[in-house]
Structures are given as structure tokens and as C-alpha cells.
2 protein chains.
Amino acid sequence: MAKRRAETMEENRSKLIAAARKAFADKGYAAASMDDLTAEAGLTRGALYHNFGDKRGLLAAVVHQMDSDMAARAQMIGATAGNDWQALLAEGAAYIEMALDPEVQRIVLLDGPAVLGDPSQWPSQGSCLQATRQTVERLIAKGIVRPVDPEAAARLLCGAALNAALWIAASDNPKTVLPKAIEAFSCLASGFLVKAV
Amino acid sequence: MAKRRAETMEENRSKLIAAARKAFADKGYAAASMDDLTAEAGLTRGALYHNFGDKRGLLAAVVHQMDSDMAARAQMIGATAGNDWQALLAEGAAYIEMALDPEVQRIVLLDGPAVLGDPSQWPSQGSCLQATRQTVERLIAKGIVRPVDPEAAARLLCGAALNAALWIAASDNPKTVLPKAIEAFSCLASGFLVKAV
DNA sequence: TAATTTGACATACGGCGCGTATGTCTGATA
DNA sequence: TATCAGACATACGCGCCGTATGTCAAATTA
């Protein structure tokens, strides 16, 4: 039987996003050819421009998907922590680990900001940023964390985690530096506590 | 009188770097045309490829220049601070303020990492990173800061400062959020102290 | 100083990739 | 069943990068 119209369209969108995710991660955004990646998905550039407008639009869709995945994961990890403070630390560690994925680094952390602009302006709000900010707000309300600007705190924490991840990924043996990074992150974060550990 | 050979060459290099800096900051790396920016400098693409190899080489030269300027500035500011701890905070604040410059953001913080890779792999070592790391090492030696990995601490601090700058720049009224960012940064950094403030 | 060489830069060429305009064919609608 | 709409394919033009080749002034040597 013939498929519904919207059905195949959604399939094609998914195929294009998947191919783009692979191509962008593999060759980088600039070097990825639209002809190649659409062919990889069994389609042509016509489908691409019809669905996403232009190359940037495709990147935006890919970033949105990855960002949403990361947000969901961060949310889960935060929810399973013992208390809110540990949730914050766990989210940070999770973010560092997620950022170790080469796909995440290349697409979300490097090409994404360069092509689409600052992550906080993205529709998805920058995944981890959102989760971190909410956690910080809870901690401030409970008097555990100093009354700093939650947005500022979240941005700084995520920024620290992100750079930690880039550092680890660029290092010779990631296994040994990962714990150092997480320890340093914990130290840093503890600066927000009302009373020191 | 006829100019020396090396002299004019150095002049041309400077003119190209200056034009590139302007073009990259204005249009972004990808959208900047080599023909246009070389014409702006009164030269052609021939000079460019002879001096810098390719477009990436030109960006690297521009980044190196800006990075060196930033390092020198950070060094100066750190040196004029009362003590080492205040030097660290001052360097962080200085980094945030420098990163508010649109040219720095676009070229050093966005396109630079996307095109050239992680800043810590750059020949210039990532300006502020170097200065921050040295300051952290001094503070650890004096027992003021906990014995964390200096490299990790420097990366986290610089990452936090960088993201603070991106946040401020994207905000509606930078003037009001700048102090919030600096306050949050001080809190964060104090997490590294042996005894809390 | 005159001839020769070097090399910094200009010019010319080929190819690729993006974006748009136009065409086509299938699934929806009446 | 006939018409329409829209998702996707095809065709075209333009701009830009990188390289190969040419040129001319400055440096070198005798």
C-alpha cells in the first residue's frame, strides 16, 4: 500500500538529519557536501532545500536533535542524584562526559556556535544550560548556594565543563585527565556554596 | 629610494592580516572572500597564498596576533594586582572584558576553534590559558589554592570566563549583566581556595 | 656596472559547491 | 475520474578556493 504523504516526508527528514549528522561529524560543517550527504540518504539536494531551507537550516535541525538528547540525559541524571547539590555535580560530570563524544564536540560545541551563533540564543536553549539553571535556582531557594544570578552561574558552570571536555579530548590519554577535570570542577562549583565543604 | 625586500614583504603581511582581521570580524571566516580582502589591502590572492599558504593559514596568523595581544594584556593586568589571588581574579575579569570585543568573539572564540581546532593546541597556547595556569601554579605553591591540576584549573576558569563573555555579549544590556558575571566568577574561583572567604 | 638569478607577487585557469528556478510525478481532494 | 497541491528531482548560474604559470623588481656575482 502507498504510504501517507506526511509519513514519507518525516522519514526523509530523519534520513537527511541522520546523514547530515554523520557527514558534519566526519568532515566538519564547511567541508561536508550537500550533494554527497543527500545521496547518502538516497535523496537529492531538492529534498534538502525543501525541508530545511538551506545548509544552516539543516545544521540547526541536527544541533536541535543532539541538544534535545543531551538535555534529556542531563535531566535523567540530575533526577537520580541523592540531593540537589549532588545533582548539580552529577550534571556537570555528565556534561563533561557527553562532550567527550567526537560528534558532540564537532557539531554542538565547535561548528554549532560558529555557524548558528551563541547557544543561549538557540531555540533549544542550550540543553545543559537549562537544566543547570533550574538546579541552581532550586539550590539558591534552599539557601545552599549563594544568591548569585542563576543564569550567570549556569553559564559559567557549563562553560567550565565544556572547556574541560575539549581539554580532555585533545589530551594524549583522556582516561587519566578525566578524573582531574571532574575534581577541579567539583572544587570550582563548591565556590558557590554558602558554607565551604 | 627603493625599499628593502624584506621590508615591503613585512608591510604586505601586516596589511593582509589587518584586512583579514577586519573581514573575518565583519563577515565571519566562511563568508569572507579572499579576493575582496586582498583587494582591500591593495594586493591580490597571489600575495596571500605566497605568504600564508591558504585561507586557514591566514586565519591562524590573525588569531596568533590577537591572541598575543590578549596574552600581553593579561600579563600586565596580573602583574599590577596586589597579590597572586587578586591577580587571578583580575585576569579572569580582564579576560571577560576582552572577550566582549566583537572581533575577539567572532575570530578567536567562535571561528578560531571551529576552523583551527582546540585553542590549547595553538602555537600561542591560548593566551590567557598560559597566564592563568602560571598564576594558579604560584598559588598552589604558596598553599593558597588547593593542589588541583593547574592545567585543569586554568582551563575551567578560562572556559567559565569565555562563556560569561558570550553570555554578556548576547544579552540585551551588557552593562547590567557584566557585574553579575564577574561576581559569579569570583564565587566560582573561590572554590579553589584552601580556606573559604 | 652589467648580466644573471631569485623570489615576491600578479594573472589565468579549472573545479567544486551552494542556492534558485524550473520540471515532474505521486498522493490528496472533490 | 479529473484536478490540484506539494514533495522532490533536475538544470543552471555564480562565486570562491587553490594551483599553475607569468612577470618584474631587487639582490647577487663577476
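Owing to the predicted nature of the structure, the values given are computational and were not obtained by experimental measurement.

Asks: Give me the lowdown on the relation of the copies chain A and chain B, citing residues and values where you can.
Replies: Note that the two copies of the chain are related through a rotation about an axis and a translation along the same axis. Overlaying chain A with chain B gives an RMSD of 0.1 Å, the required rotation being 180° about an axis along which the chain moves by 0.0 Å. The superposition of one copy onto the other is thereby described by a two-fold rotation axis. Taking C-alpha positions as the reference, the residue of chain A nearest the rotation axis is Gly191 of chain A, at 1.7 Å. By residue overlap, the copies meet face to face through one surface: 100% of the interface positions of chain A are interface positions in chain B.

Asks: Can you break down the UniProt feature "domain: HTH tetR-type" (unreviewed entry) in chain A residue by residue, with the values?
Replies: Mapped onto the present numbering, the UniProt feature "domain: HTH tetR-type" (unreviewed entry) falls at residues 10–70 of chain A. Across residues 10–70 of chain A, the secondary structure splits into 80% helix and 0% strand, with the terminal C-alpha atoms separated by 22 Å.

Asks: Describe the protein's contact with DNA strand C, with residues and values.
Replies: Close to DNA strand C lie 21 residues, the nearest being Arg45 and Tyr49 of chain A together with Asn12, Thr44 and His50 of chain B. Atoms of DNA strand C within 4 Å of the protein belong to the sugar or the phosphate in 65% of instances, the rest to bases. Met34 of chain A has a polar backbone atom sitting 3.1 Å from a phosphate oxygen of DNA strand C. Within the backbone of Ala47 of chain B, a nitrogen or oxygen atom sits 3.4 Å from a phosphate oxygen of DNA strand C. Secondary-structure elements contributing two or more residues to the surface near DNA strand C are α3 (45–52) of chain A together with α1 (5–27) and α3 (45–52) of chain B. Broken down by element, the residue count for the surface near DNA strand C peaks at five residues, all from α3 of chain B. Residues of the surface near DNA strand C, tallied by class, amount to seven nonpolar, six polar and eight charged.

Rules used in this analysis
- Residues numbered from 1 in each chain as written.
- Chains lettered and ligands numbered in written order.
- Predicted model: local features only at pLDDT ≥ 70, side-chain atom pairs only at ≥ 80, totals over all residues.
- Heavy atoms only, no water.
- Least-squares fit on C-alpha atoms with pLDDT ≥ 70 in both.
- Contact = heavy atoms within 4.5 Å.
- UniProt positions renumbered as here; feature names shortened; annotations may be inferred.
- Helix = DSSP H or I, 4+ residues; strand = E, 2+ residues; numbered from the N terminus.
- Near = heavy atom within 4 Å.
- Polar contact = N/O pair within 3.5 Å; in protein donor to acceptor, adjacent residues only side chain to side chain.
- Nonpolar A, V, L, I, M, F, W, Y, C, P; charged D, E, K, R; others polar.

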